[in-house]
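Here is how the chains run, residue by residue.
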Amino acid sequence: MKEKYLTKHNIQKGLVLLLYVVFNGVLLWRHEMWRDEINVWLMGRDLSIAELFREIKYQGHPCLWYLLIMPFVRLGFPCRIMGIISLTAMTFAAGLYLHKAPFNFWIKSISLFSPIFTYYYAEIARGYCLVALLIVVLACFHPKRNDRPFVYGILLGLLVQADTIALPIAGMLSLMWLGENTAESIKEKKFRWLLTAAKGLWIPLLSLGLWILQFYQVSDSPVFEIRRVGIGQLIRECTDFSLWILERLTGIPKGTGIWIYAITGFLVLAVSFQKKRFWPILVMLGTLAFQCLFSRLVYELNIWHFISLCFVYIWMLWILGEEKEDFSIKAIKTGKWSACGLQLVLLLLSVFMFGRWNYPNEASSLSNALWGSYSDGVYAARFLQENLSTEEVIVTANVPYTSTIWGFAKEYRAYFAGSGELASYADWSKKQSQDISFSQLMEWVAVSFPEKESFVFIDSNESYVTGAQDYLSENALIYRTATPSARQEDYSIYRVWLKENE
């Protein structure tokens, strides 16, 4: 009977995972890649490994995703392979979650189709998928961390390099491991447990050193902001940010969001006092505090960063949960109501996040993902390939906004109008934000390419070329984005004849 139940349960899990892959496969097929995705591809194409490490501090993300993508670029794969890599990572995470997480099957299944697992990390090809996968793998591996400390240390080290938002997660997991094993060593009056942790902890520590080297001499200074606003004001603003994060994820207004925190906090305290498992809760709270502080002091984070908090919450539930514990009447009767309540919070979070995903004003909404336009880069690239020679002089008005085009039209090269340099990835430097008048641009083209009678000008929503409309007319227009895109990557392409050749 038990074997029959396990077989039926495995079939259910397999069907849910298959449905997950199909649903996200459709979303991936419909997804148009945009500049933040393509930028990694262009860096992998145009930079050596040494140059990549020098550039990373201006991008804000450590090296793991770049190093994973670079071989595919160099081997000649199309940039869309990034989406397949992202979906593959999330499929592994989803499969492990379904099979291993010690809570209710239906809650797990529903959460798979919320934005926690679907679309944002699975289709939009950025390094956050690695954060999700590593957190799930770390949860699976948690019971074996002292049996295989080297492997657990490698996982923590990789998490450090997955993304800056993963730093507090990796750091607090390392401290948790060290703290628990130190306590065991003191209890048994033996150094065995402490030495076991040391066998793995040197790896995330070394990885942290690499992270520091990558972001050494970054110009932002959070210390100045702390001194300016004061600790009291900073705490109030961070509290407000925590409510904003909840509102951004779920659509729950900040005024009512405090009750969600209160209920969750009560359940968390009940679990911690009942089981004396403070560390998993501290990891969750510390990760939330880091995102609030980072948003206030360095850079205001967005939905991709906030979703990582959901994975930390899942990790916390996973570690707090007992083997085979589920959301059931029996569990409530046996005194496990607090753990069941935390699973119910996950269910509500998943449902609310799915609803928020379908808001009309959500740029990355489900309807937009299926039927809208995310970026016009792929279609503008297709126009160039079908209608223009690779020998054309192409000038862009904005490097970041038009960089998406070069991921698809990789045989074409364009110059940035402001500097006259070849356009590639967005490096966010001052040289990529230089203004130039259209008359100056025409003079530069005439001097730099005296053999050319015309050039192609790509205008975008944000332009560093002033006075262009005084020179351009509808007759010069050869392409225009038909439908406004979610990421404002809309283009007008002109054929511009030089005055002396008119």
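Details of the structure are given in the entry above.
Residues numbered from 1 in each chain as written. Predicted model: local features only at pLDDT ≥ 70, side-chain atom pairs only at ≥ 80, totals over all residues. Heavy atoms only, no water.

Chemist: Would you mind going over the overall build of the protein chain with me for this structure?
Modeler: Secondary structure summary: the protein chain contains 21 helices and seven strands in total. Against the 2.2 N^0.38 benchmark of 23 Å for 502 residues, the protein chain shows a C-alpha radius of gyration of 26 Å, consistent with a compact globule. Its C-alpha atoms give the protein chain principal-axis dimensions of about 85 × 50 × 45 Å. Classification of the 502 residues of the protein chain by burial places 54% in the buried group. (Helix = DSSP H or I, 4+ residues; strand = E, 2+ residues; numbered from the N terminus. Rg over C-alpha atoms; globule rule 2.2 N^0.38 Å. Buried < 20%, exposed > 50% of the residue type's maximum accessible area, 1.4 Å probe, protein only.)

Chemist: Sorry, what's going on with helix 2 (residues 35–46) here?
Modeler: Working note: α-helix, 3.6 residues per turn, so residues spaced by three or four point in the same direction. The terminal C-alpha atoms of helix 2, which comprises 12 residues, lie 16 Å apart, in line with the 16 Å expected from a rise of 1.5 Å per residue. The element helix 2 is extensively covered by neighbouring structure, given that nine of its 12 residues are classed as buried. Taken as a whole, helix 2 has its buried residues at R35, E37, I38, N39, V40, W41, L42, M43 and G44. Where the residues of helix 2 are buried, they touch helix 3 (49–59), helix 4 (64–74), helix 5 (81–100) and helix 20 (399–408). (Expected span 1.5 Å × (residues − 1). Contact = heavy atoms within 4.5 Å.)

Chemist: What is the right way to look at the nonpolar core in this model?
Modeler: Across soluble globular proteins, you tend to see nonpolar side chains buried next to one another. With 142 residues, the main nonpolar core has F117, F311 and W406 as its most contacted residues. At 16 residues, the largest contribution of residues to this core is made by helix 15 (residues 303–320). If you look at the next biggest cluster of nonpolar residues, it comprises 20 residues, including V395, A417, F438 and A446. (Core = buried A, V, L, I, M, F, W, Y, C linked by side-chain atoms within 4.5 Å.)

Chemist: Please explain the sheet that holds strand 1 (residues 394–396) as it appears in this structure.
Modeler: Consider a sheet: its strands pair through backbone hydrogen bonds, and that pairing is either parallel or antiparallel. What the five strands build is an open sheet, ordered 2-1-4-7-6; its pairing is mixed. Lying at the two open borders of the sheet, with one neighbouring strand each, are strand 2 (414–416) and strand 6 (477–480). Strand after strand, the sheet turns through a mean of 25° between neighbouring axes, direction not considered. With three bridges joining them, strand 6 and strand 7 (residues 491–497) adopt antiparallel strand pairing. Each residue of the ladder has a partner; that of Y479, found in strand 7, is I493. Packing of helix 20 onto the sheet brings it into contact with strand 1, strand 2, strand 4 (454–460) and strand 7, and relative to strand 4 it is tilted by some 115°. This element, helix 21 (residues 438–448), spans strand 1, strand 2, strand 4 and strand 7 of the sheet and lies at about 145° to strand 4. (Pairing = 2+ DSSP bridges. Axes fitted to C-alpha atoms, helices over the stretch in contact; angles between N-to-C directions.)

Chemist: Is there a simple way to explain helix 20 in this structure?
Modeler: Most of helix 20 sits out of view: 10 of its 10 residues are buried. Among all positions of helix 20, only V399, P400, Y401, T402, S403, T404, I405, W406, G407 and F408 are buried. Contacts from the buried residues of helix 20 go to helix 2, helix 19 (377–387), strand 1, strand 2, strand 4 and strand 7. N-capping of helix 20 is provided by N398, with a side-chain oxygen placed 3.0 Å from the backbone N of Y401. (Polar contact = N/O pair within 3.5 Å; in protein donor to acceptor, adjacent residues only side chain to side chain.)

Chemist: Which parts of the structure should I look at to understand a nonpolar patch on the surface?
Modeler: Taken together, the side chains of I11, L15, L18, V22, V26 and W29 make up a nonpolar region of the molecular surface, amounting to roughly 650 Å² of accessible area. Inspection of the secondary structure assignment puts V22 in helix 1 (residues 2–30). (Patch = residues over 30% accessible without salt bridge, like charges linked within 9 Å, V, L, I, M, F, W, Y side chains within 5 Å. Areas by Shrake-Rupley, 256 points an atom, 1.4 Å probe, with all protein chains shown as cover. Salt bridge = Lys/Arg side-chain N within 4 Å of Asp/Glu carboxyl O.)

Chemist: Please explain the environment of M176 as it appears in this structure.
Modeler: Tracing the backbone through its elements, the reader meets M176 in helix 9 (residues 167–188). Through-space distance from the C-alpha of M176 to that of R192 is 17 Å; in sequence the pair is 16 residues apart. In this view, M176 contacts H142, W279, P280, V283, W315 and I319; residues no more than four positions away in its chain are not counted.

Chemist: Is there a simple way to explain unusual backbone geometry in this structure?
Modeler: With the exception of glycine, most residues fall at negative phi, and the peptide bonds are largely trans. We note that W428 has phi near 60°; this positive angle belongs to a residue other than glycine. For W428, the location among the structural elements is in the loop between strand 2 and strand 3 (436–437). If you check the backbone angles, Q488 has positive phi at about 55° while not being a glycine. Along the chain, Q488 turns up in the loop between strand 6 and strand 7.

Chemist: When you look at the side chain of S424 in this model, what are you seeing that I'm missing?
Modeler: Inspection of the secondary structure assignment puts S424 in the loop between strand 2 and strand 3. Since its relative accessible area comes to 13%, S424 is described here as buried. Here the side chain of S424 touches D46 through a polar contact of 2.3 Å, side chain to side chain. The contact partners of S424, leaving out residues within four places of it in the chain, are L42, R45, D46, V399 and S403.

Chemist: Looking at this model, I keep getting lost on the pattern of salt bridges. Mind explaining?
Modeler: Side-chain pairs of opposite charge can arise whenever the charged atoms involved come near each other. A full pass over the atoms with the stated rule returns 10 salt bridges. Close ionic contact of R126 with D36 constitutes a salt bridge, the shortest N to O distance being 3.2 Å. Here R126, found in the loop between helix 6 (105–112) and helix 7 (128–141), pairs with D36, found in helix 2; they are 90 residues apart in sequence, far enough to count as distant. Judged by its relative accessible area of 10%, R126 is buried. Measuring nitrogen to oxygen at the nearest pair gives 2.7 Å for the salt bridge that ties E362 to R356. Pair check on accessibility: E362 and R356 agree, each one buried. The network of salt bridges with shared partners includes R248, R356 and E362.

Chemist: When you look at the packing of aromatic side chains in this model, what are you seeing that I'm missing?
Modeler: Enumeration according to the criterion identifies 29 aromatic pairs in this entry. Pairing F23 with F113 gives two aromatic rings, centres 6.1 Å apart and planes at 45°, and the pair type is tilted. Remark: F113 occurs in the loop between helix 6 and helix 7 and F23 occurs in helix 1; sequence separation between them is 90 residues. A relative accessible area of 18% places F113 in the buried class. Both rings, one in F117 and one in F311, keep their centres 4.9 Å apart while their planes meet at 65°; by these two values the pair is edge-to-face. Of this pair, F117 sits in the loop between helix 6 and helix 7 while F311 is found in helix 15, placing the two residues 194 residues apart along the sequence. What makes F117 buried here is its relative accessible area of 0%. Among the aromatic residues, those joined into a cluster by ring pairs are W34, Y119, Y120, W304, F354, W357 and Y374. (Phe/Tyr/Trp six-rings, centres within 6.5 Å; stacked < 30°, edge-to-face > 60°.)

Chemist: Honestly, the environment of T396 in this entry has me stumped. Any pointers?
Modeler: With respect to the helices, strands and loops of the structure, T396 is situated in strand 1. Spatially, the C-alpha atoms of T396 and S364 are 26 Å apart, while their sequence positions differ by 32 residues. Once residues lying within four places of it in the same chain are set aside, the contact partners of T396 are T402, Y415, F416, A417, A423 and I458. Reaching out from T396, the side chain makes a polar contact with the backbone oxygen of N398 at a distance of 3.1 Å.

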